[in-house]
Amino acid sequence: MTDLGIAIESSVETGGRGAFRMFLRNKPAVVGSVVFIIIVLVTIFGPGMYGTEAHKMAAGPFLGPGDDAGPLLGTDYLGRDILAGVITGGRTTLFVAAVAGALSMGLGLVVGSLAGYFGGWIDALLMRFTEIFQAMPSLLFSLVLIYLIGPGTWKETLAIGVTMWALPARLTRAEFLRLREMEFVKASRAIGSTDLRIMTRTILPNAMPPLLVAATLLVVIAVLFHAGLAFLGMVDINTVSWGSIMGKNRGYTLTAWWTVAFPGLAIVATGLSIALIGDGLQDAFNPKLRGR
Amino acid sequence: MLKRWIKVLSLLAVLSLFAAACGSSDSSSSDSGSSSASASSSSDDEPAAEEDAGEAQSSDDEGEEEATEETAPPPQPKHGGTMVIATTQVGANVNHGVNSGIGIAQPSSKIFASLTHLDKNWEPQPYLAESWEVSDDNLTITFHLVEGATFHDGAPITSADVKFSIEVIQANHPFTGMWGPLESIDTPDDLTVVLHLANPHPALWIATSDVMMPIMPKHIMDDGTPINEMKGHPNNVAGAIGSGPFRLTEYENTQKIVLERYDDFFIPDRPYLDSIIYVIVPDEDATMLGLESGEYDSGGYASVINAEKVSKNPDLVAIPDLLGGVGSLNHLQFNMANSIMSDLRVRQAIAYTIDRDYVINTLHQGQTMELLGGIHPSSPFYNADVERYDVDLDKARALLAEAGYADGLDLRINYIPGPNEQQRNVAEYIALALAEVGVNVEVIQAADLPSWAGIFFGGPDAWHMTMNAYFNWGDPVIGVQRAYVCANIVPGVFVNNSAYCNEKVDELLYAAAAEPDFAKRKALYDEFQEITAIELPFYGINALPIFGANQLYVRDQPDGAWGPLSGFENVWLDK
């Protein structure tokens, strides 16, 4: 992806029918998309349709799946419906993942594009700053932040979002460094476009393909981070999320496996489906695979 | 195409790695657990008769009769070995004379000796005091100390040290009832202590026993530190010089506490163990895994589920009531210093909403005892005939409306970190139950005991209610009175944190403390329980069970009223 011809080709054909067709030919990616759409639809409409509220006691505690007295997927230590928890908990988990992903992507884009486009001391300064964040283990950093600012859905989102932006920042910078020397960028500059216009209208659309793939990865990481934080008991105990169901029932893993297995499966399914979509996107945007 | 599926597979692998990383704390410990379990099972290939003897030795009354029928001679105690005890309890120091708490009591009872031991019938037995006389009017008690007893630095233990220790306990310990009637202490010679009481004091024999009376070194602690500031004395932490069978050699209060045999202990040939290590574990499940794998020799837990697990495990000796004498309670405490909670109608509304039977029969699977007041249900002073506040949601709503909260109310509930089944789960249940009557309750979790206890130092608005676990500590004078009398509304933990003050209750408690006649004493405590059950500084839920488990080879664990909160000088390991 370093020579000029390919860059222009990708800029011309991305987002077009070609890429979409490539995506559809990637069966795992299609399966991933379908699963992901189902998950999103279930978390949006499921709680209303299912009726049982996730945080309320629905039946006796520790009823197994298939127990006639309890709901389909069993109940936890307070008799809360696990199925309702899985359906409702997705809202928090997906919200945190999406917003944290967007936050880190946004931060990364701003920092990376400024560094890549202007270069020089701005680049040096921003990249050293980025390296500070890169050097810290992200999950630990999130843990420390939560410890300092306290639990709560927005705070958790923030704590996850601000620890992940180094990756997209690096990637954006690399893309900007590469693209800013291209003919079409020089042409844009020659006709008198402002820096802002060149960055947002000329370079950014051409840098999107790898960034989109990175964005899917960030969302997967955010899902897992939130689950990890919740599992360690660092998230709001009053909010239902997949991770918090697992975390609260951690002590009963050996006696009531269903309390952690089903939310765990939901996390795996979500993470896998998003990762598959990202994989499909990468293939679709890769012109070298085209025509095969 | 093949390449693509390889990619999918590798993605799956990466995801499973992530999942494994998230659960690492549990999976790794269970891994190590299973590996060492297999290792220990091979070494446990001893004859089954050994096991039977072990069980009979350490179980209670019924077991002993069986033991006498068996012809095999009891195994002879052996010296040596390290006993590893898992505990979830963290203490601020190792001196139970200045603070209260299981985390402090465990090491304190080994590092410091007391005047007497309490046996399982609550009768005092000689320990540092080899004999004593009680005057006919019950007002003068004369103790004779063992000759030649020394502190861990070699200095002799004298009557001056005993006098000093009682003064320190009086001035610092939250259980003000223990030494209330004490008028003066005479020390006619180095080995004689005479206590003069203002009135008969039935709880004295608890106050002089085991964990309640650590004998502290006057020559070290009386160094100019004001007597009422002994909580902060360095001899309470690392490097503490004590009088008991074990010396403190390593102290990291959130990690581990290492005790080593004191060779010049005043009972010859004791203790048997070379050392005791208290390992502070994050939760009961860690205790459980360590017990199952043989990593820990002994441990305590409060979970009904874990109790069932141990009772089915042939490799462990289950102790159904580990801390019998302690009388641990599980109850909801209200902050009456707070402007919302000071309204009796709000507290009553909460009481009418909580279904105690649901907690006991469903959440605790019927394995805990109902608790209605401040006295443990197994105590002879327990009164079950008090206001119960049976569930009545309409009444609760009406009371809230009357108090001015018809449109709802936002409250917080904290809970003391401990067994989730007892505290967190009940706190979550209370929050859910109160939502039914329009009270929105936020559950506040604390990482450890000190951060939970911080709410008591944060002013009247720092908390509304908390799941708490006061212990009776043998006699109502010690463990109950402190939580209810006006004089004990002081900064601290396990004092009168509810800020409850009722003159009539004070009168009843003080009268009961000095009443030698059992029936009259019971009548006073009955009335106390009737009043407090109505006025609700606490809402009783259940008696907090404390179960224990030992490995089969742990022998002669103390069977007195204080259980493992005593000296351990007779404990030995048969391996």
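Residues numbered from 1 in each chain as written. Chains lettered and ligands numbered in written order. Predicted model: local features only at pLDDT ≥ 70, side-chain atom pairs only at ≥ 80, totals over all residues. Heavy atoms only, no water.

## Notes on the overall build of chain A
Going by this rule: A helix here means a DSSP run of H or I that spans at least four residues, while a strand means a run of E at least two residues long, and both kinds are numbered starting from the N terminus. Under the scheme applied here, a residue whose accessible area is under 20% of the maximum for its type counts as buried, over 50% as exposed, and between as partly exposed, the area being computed with a 1.4 Å probe on protein chains only. We call two residues in contact when some of their heavy atoms are within 4.5 Å. Note that accessible areas follow from Shrake-Rupley with a 1.4 Å probe, and for residues the cover is restricted to the protein chains shown. When charges are counted, Lys and Arg are positive and Asp and Glu negative, with His and the chain ends excluded. Charge positions come from single atoms, namely NZ of Lys, CZ of Arg, CG of Asp or CD of Glu.
Secondary structure summary: chain A contains twelve helices and zero strands in total. Helices and strands in chain A line up, N terminus first, as α-α-α-α-α-α-α-α-α-α-α-α. Expressed as a percentage of its 292 residues, the buried residues of chain A come to 52%. Long-range pairs, those at least 24 residues apart, make up 71% of the contacts in chain A with a sequence separation of at least 6. Of the accessible surface of chain A, which amounts to about 13000 Å², a share of 70% is contributed by carbon and sulfur atoms. A gap of 6 Å separates the mean positions of the 22 positive and 18 negative side-chain charges of chain A.

## A short note on the overall build of chain B
A tally of regular secondary structure across chain B gives 18 helices and 21 strands. Relative to its full complement of 575 residues, chain B shows a buried share of 54%. A separation of at least 24 residues holds for 71% of the contacts in chain B among residues at least 6 apart in sequence. Accessible surface, chain B as shown: approximately 22600 Å² in total, 52% of it carbon and sulfur.

## A look at the pairing of strand β17 (residues 465-468) of chain B
Residue and element names in this part refer to chain B. Under the convention used in this document: In this scheme, strands are said to pair when DSSP sees at least two bridges between them.
Of the two faces of β17, the one carrying Met465 and Met467 and the one carrying Thr466 and Asn468 are both buried. Bridge analysis of strand β15 (residues 409-415) against β17 gives three bridges, and the strand direction is parallel. Looking across to β17, one finds that Ile413 is bridged to Met465.

## Looking at the state of the cysteines
Residues and elements named next belong to chain B. Convention followed: Disulfides are defined as cysteine sulfur pairs within 2.5 Å.
A complete count under the given rule lists one disulfide over all chains for this structure. Here Cys486 connects covalently by a disulfide to Cys501, the sulfurs 2.0 Å from one another. For the disulfide bridge between Cys486 and Cys501, the dihedral angle about the S-S bond is near 100 degrees, and by the sign convention the bridge is right-handed. Taken together, the positions of Cys486 in the loop between α16 (476-479) and α17 (503-513) and Cys501 in the loop between α16 and α17 put the pair 15 residues apart, joining distant regions of the chain. Residue classification places Cys501 among the partly exposed residues on the basis of a relative accessible area of 48%.

## Here we look at unusual backbone geometry
Residues and elements named next belong to chain B. Cis geometry marks the peptide bond from Arg270 to Pro271, where omega comes out at -10 degrees. Tracing the sequence through the fold places Pro271 in the loop between β9 (256-261) and β10 (275-280). In this structure, Asn138 is a non-glycine residue whose phi angle is positive, near 65 degrees. With respect to the secondary-structure elements, Asn138 resides in the loop between β4 (129-134) and β5 (140-145). In the Ramachandran plot, Asp556 falls in the positive-phi region, its phi being about 55 degrees despite a non-glycine side chain. With respect to the secondary-structure elements, Asp556 resides in the loop between β20 (554-555) and β21 (572-573).

## A few points about α17(B)
All names here are of chain B. Convention followed: Arc definition: it is the arc formed by the directions from the helix axis to the C-beta atoms. Here a polar contact means two N or O atoms within 3.5 Å. Within protein one must be a hydrogen donor candidate and the other an acceptor candidate, and residues neighboring in sequence count only if both atoms are side-chain atoms.
Of all the positions in α17, only Val505, Asp506, Leu508, Leu509, Ala512 and Ala513 are classed as buried. Buried residues in α17, looked at end-on, bunch into an arc of 165 degrees, giving them a common side. Counted as exposed and oriented over 90 degrees from the buried face of α17: Glu503 and Glu507. Considering only its buried residues, α17 is in contact with α16 and α18 (518-535). Of the residues that open α17, the one with a side-chain oxygen 2.9 Å from the backbone nitrogen of Lys504 is Asn502.

## Side note on a nonpolar patch on the surface
All names here are of chain A. Under the convention used in this document: Patch membership requires over 30% relative accessible area and the absence of a salt bridge. Like charges are linked within 9 Å, and nonpolar side chains (Val, Leu, Ile, Met, Phe, Trp, Tyr) within 5 Å. What counts as a salt bridge is simple: a side-chain nitrogen of Lys or Arg found within 4 Å of a carboxyl oxygen of Asp or Glu.
Together, Ile37, Leu41, Ile44, Phe45 and Met49 make up a nonpolar patch on the protein surface, roughly 550 Å² of accessible area in all. Turning to its location among the elements, Phe45 is positioned in helix α3 (residues 27-50). The exposure class assigned to Phe45 is partly exposed, which follows from its relative accessible area of 49%.

## Some details on the packing of α17(B) against α18(B)
Residue and element names in this part refer to chain B. Short version of the rule: All axes here are fitted lines through C-alpha atoms, helices being fitted over the stretch that makes contact, and every angle between N-to-C directions spans 0 to 180 degrees. Here is the rule for angles: anything less than 35 degrees is roughly parallel, anything more than 145 is roughly antiparallel, 65 through 115 is roughly perpendicular, and the remaining ranges are oblique. Definitions for this section: a left-handed crossing has its near helix turned counterclockwise from the far helix by less than a right angle. A right-handed crossing has that turn clockwise. Classification used: nonpolar for Ala, Val, Leu, Ile, Met, Phe, Trp, Tyr, Cys and Pro, charged for Asp, Glu, Lys and Arg, polar for all others including Gly.
Packing of α17 against α18 brings their axes to within 9 Å, and their N-to-C directions diverge by 155 degrees. Taken together, the axes of α17 and α18 lie roughly antiparallel to each other. When the axes of α17 and α18 are compared, the crossing they make is left-handed. Along the contact surface, α17 presents Lys504, Val505, Leu508, Leu509, Ala511, Ala512 and Ala513, while α18 presents Arg521, Leu524, Tyr525, Glu527, Phe528, Ile531 and Thr532. Counted by class, the contact of α17 with α18 contains ten nonpolar, one polar and three charged residues.

## Things to note about the sheet that holds strand β13 (residues 329-334) of chain B
Residue and element names in this part refer to chain B. Strand order in this open sheet of six strands is β14-β18-β13-β17-β15-β16, and the pairing throughout is mixed. A single partner strand is all that each edge strand has here, and the edge strands are β14 (369-370) and β16 (439-444). Across two bridges, β14 lies against strand β18 (residues 538-543) in antiparallel orientation. Bridge pairing links Met369 to Ala543 in β18. Together, β14 and β18 form the strand contacts of helix α12 (residues 356-363), whose direction differs from that of β18 by roughly 20 degrees.

## With respect to the confidence of the model for chain B
Residue and element names in this part refer to chain B. The condition is simple: By definition, pLDDT measures how confident the predictor is in each residue, and it falls between 0 and 100.
For chain B, the mean per-residue pLDDT works out to 84, and 87% of the residues sit at or above 70. pLDDT under 50 marks residues 14-70. Its contacts with residues more than four places away, or in other chains, come to 38 contacts. Interface confidence in the predicted complex, given as ipTM, is 0.75; pTM for the same model is 0.74.

## Describing the interface of chain A and chain B
Our working definition: Here's the idea: put two parts together, see how much 1.4 Å probe accessible area each one loses, and the total over both is what we call buried area.
Facing the 35 residues of chain A at the interface are 34 residues of chain B. Of the roughly 3000 Å² buried where chain A meets chain B, counting both sides, 65% is carbon and sulfur surface. Together, Leu78(A), Leu224(A) and Ile237(A) form the three largest contributors to the area buried by chain A at its contact with chain B, with a combined 18%. Put simply, chain A and chain B have two salt bridges between them. The interface formed by chain A and chain B contains nine residue pairs in polar contact (both at pLDDT 80 or more). Counting only elements with at least two residues in the side of chain A that touches chain B, the list comes to α3, α10 (195-231) and α12 (258-285) of chain A. With seven residues, α12(A) is the largest single contributor of residues to the side of chain A that touches chain B. For the side of chain A that touches chain B, a count of residues per class yields 18 nonpolar, nine polar and eight charged.

## Focus on the packing of aromatic side chains
Our working rule: Pairing of aromatic rings covers Phe, Tyr and the six-membered ring of Trp, with a centre-to-centre limit of 6.5 Å; geometry is then stacked below 30 degrees between planes, edge-to-face above 60, and tilted otherwise. Geometrically, a lysine NZ or arginine CZ counts as sitting over a ring once it is within 6 Å of the ring centre and also within 35 degrees of the ring normal.
All chains considered together, the criterion is met by 32 aromatic pairs over all chains. Ring geometry for Tyr484(B) against Tyr500(B): centres 6.3 Å apart, planes inclined by 90 degrees, an arrangement best described as edge-to-face. Taken together, the residues span a long stretch of sequence, with Tyr484(B) in the loop between α16 and α17 and Tyr500(B) in the loop between α16 and α17 at a distance of 16 residues. Tyr500(B) carries the same exposure label as Tyr484(B), and that label is buried. Directly above the ring of Phe231(A) sits Arg250(A), whose terminal nitrogen or CZ lies 5.5 Å from the centroid.

## Some points on the confidence of the model for chain A
Residues and elements named next belong to chain A. Of the residues in chain A, 92% reach a pLDDT of 70 or more, and the chain-wide mean stands at 83. No element of chain A has a lower mean pLDDT than helix α1 (residues 4-13), at 44, and none a higher one than helix α4 (residues 82-118), at 90. Note that pLDDT drops below 50 for residues 1-15; the model gives that stretch 17 contacts with residues more than four away or on any other chain.

## Focus: the side chain of Thr216(A)
Residues and elements named next belong to chain A. Positionally, Thr216 belongs in helix α10. Judged by its relative accessible area of 15%, Thr216 is buried. In contact with Thr216, not counting residues within four places along its chain, are Ile274, Gly278 and Leu281.

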